[in-house]
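For reference, the chains in residue letters:
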Amino acid sequence: MKIQIKSYDNSFKKDIPILFTNTIHKTCSKDYTQAQLNAWANPNIDFKIWEQRVAKTKPYLAIIQNKLVGFVEFYEDYIDCFYIHHEYQGMGIGKSLLEHVLSIAKKNNVFKIRVDVSITAKPFFEKFGFKQVKINHVKRYKEELINFSMELDIK
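Everything quoted here is computed from the prediction, not taken from an experiment.

**Student:** Go over the environment of Asp153 with me, naming the residues and quoting the values.
**Tutor:** Position of Asp153 among the secondary structure elements: in strand β7 (residues 143-153). Once the C-alpha coordinates of Asp153 and Gly90 are considered, the two residues, 63 residues apart in sequence, prove to be 24 Å apart. Those residues in contact with Asp153 that sit more than four places away from it in its chain are Phe111 and Lys112. Side-chain polar atoms of Asp153 contact the side chain of Lys112, separated by 3.3 Å.

So, in structure tokens, the structure goes:
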């Protein structure tokens, strides 16, 4: 399967929040409670809010055979969202998106990348050399979620 990484395409504006929500609910349930998952990724998706968000953040998209299989939001030196479709994990899509981010960072003379990651995503980022700099206790609605601030020095 050929993975295509492309700049934001408005035709995927509804697919992005669906991928985000489904990925969280299907891959993070071993690390977070159902109440935490719902607070993080409300199953009742507000497509209008998402449409406004992605119009501004312009995420990079991972596409296989015209299907959205992952996306990343990256600006300045920060990865904001990094999600791979739950049925496509372990196929190199995350690696392809991360390599794309590193390429952009190098072109823009960024020498350190920051990201806040879930318990579930932490091993992926560690595999690529990210180091934990702190533990965060994030409040979403009435739920507290643990995540980790991580950094990667780019050579």
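Back to the text.
**Student:** Got a sec to walk through the packing of aromatic side chains? Specific residues and values, please.
**Tutor:** The full count for this structure, using the stated rule, is ten aromatic pairs. Between Phe82 and Phe125, the ring centres sit 5.3 Å apart and the planes meet at 70°, which makes this aromatic pair edge-to-face. Taken as a pair, Phe82 in strand β4 (residues 78-84) and Phe125 in helix α5 (residues 122-127) lie far apart in primary sequence, 43 residues in all. The residues Phe82 and Phe125 share a single accessibility class, namely buried. Seen from their ring centres, Phe124 and Phe125 are 5.1 Å apart, and the 85° between their planes marks the pair as edge-to-face. When its relative accessible area of 2% is taken as the criterion, Phe125 is described as buried. Cluster of aromatic residues (ring-pair linked, three or more members): Phe82, Phe124, Phe125, Phe128 and Phe130. Here Arg53 stacks its cationic end above the ring of Trp50, 5.5 Å away from the centre of that ring.

**Student:** I'd like a rundown of the sheet that holds strand β5 (residues 112-118), residues and numbers included.
**Tutor:** Spatial ordering of the open sheet is given by β1-β2-β3-β4-β5-β7-β6, a layout of seven strands whose pairing is mixed. The strands lining the two open edges of the sheet, one partner per strand, are β1 (4-6) and β6 (131-140). For this sheet the average axis-to-axis angle between neighbouring strands, irrespective of direction, equals 25°. Bridge count for β6 against β7 is nine bridges, and the pairing is antiparallel. From the neighbouring strand, Lys134 faces β7, where its bridge partner is Ser149.

**Student:** Account for the side chain of His85, with residues named and values stated.
**Tutor:** Along the chain, the position of His85 falls in the loop between β4 and α4 (93-107). When neighbours within four sequence positions are excluded, His85 is seen to be in contact with Leu19, Thr23, Lys67, Leu68, Val69 and Gly70.

**Student:** If you had to explain α4 to someone new, which residues and values would you point to?
**Tutor:** For α4, spanning 15 residues, the distance from its first C-alpha to its last is 21 Å, which sits close to the expected 21 Å at 1.5 Å a residue. Restricting attention to buried positions, one finds in α4 the residues Ile93, Gly94, Leu97, Leu98, Val101, Ile104 and Ala105. Axial view of α4: buried residues confined to an arc of 130°, hence all on one face. Against β1, β2 (60-64), β3 (67-75), β4, β5 and α5 lie the buried residues of α4. Just downstream of α4, Asn109 is the residue with a positive phi angle, here 55°.

**Student:** Give me the lowdown on the state of the cysteines, citing residues and values where you can.
**Tutor:** Counted under the stated rule, the structure contains zero disulfides. Here Cys28 is not disulfide-linked; the sulfur of Cys81 is the nearest cysteine sulfur, at 12 Å. By relative accessible area, which is 5% here, Cys81 ends up buried.

**Student:** Help me get a handle on the side chain of Thr21, residues and values and all.
**Tutor:** Considering the arrangement of structural elements, one finds Thr21 in helix α1 (residues 15-27). Within the structure, the side chain of Thr21 is placed 2.9 Å from the backbone oxygen of Pro17, a separation counted as a polar contact.

Cut-offs applied
Residues numbered from 1 in each chain as written. Predicted model: local features only at pLDDT ≥ 70, side-chain atom pairs only at ≥ 80, totals over all residues. Heavy atoms only, no water. Helix = DSSP H or I, 4+ residues; strand = E, 2+ residues; numbered from the N terminus. Contact = heavy atoms within 4.5 Å. Polar contact = N/O pair within 3.5 Å; in protein donor to acceptor, adjacent residues only side chain to side chain. Phe/Tyr/Trp six-rings, centres within 6.5 Å; stacked < 30°, edge-to-face > 60°. Buried < 20%, exposed > 50% of the residue type's maximum accessible area, 1.4 Å probe, protein only. Lys NZ or Arg CZ within 6 Å of the ring centre and 35° of its normal. Pairing = 2+ DSSP bridges. Axes fitted to C-alpha atoms, helices over the stretch in contact; angles between N-to-C directions. Expected span 1.5 Å × (residues − 1). Arc of directions from axis to C-beta. Disulfide = S-S within 2.5 Å.

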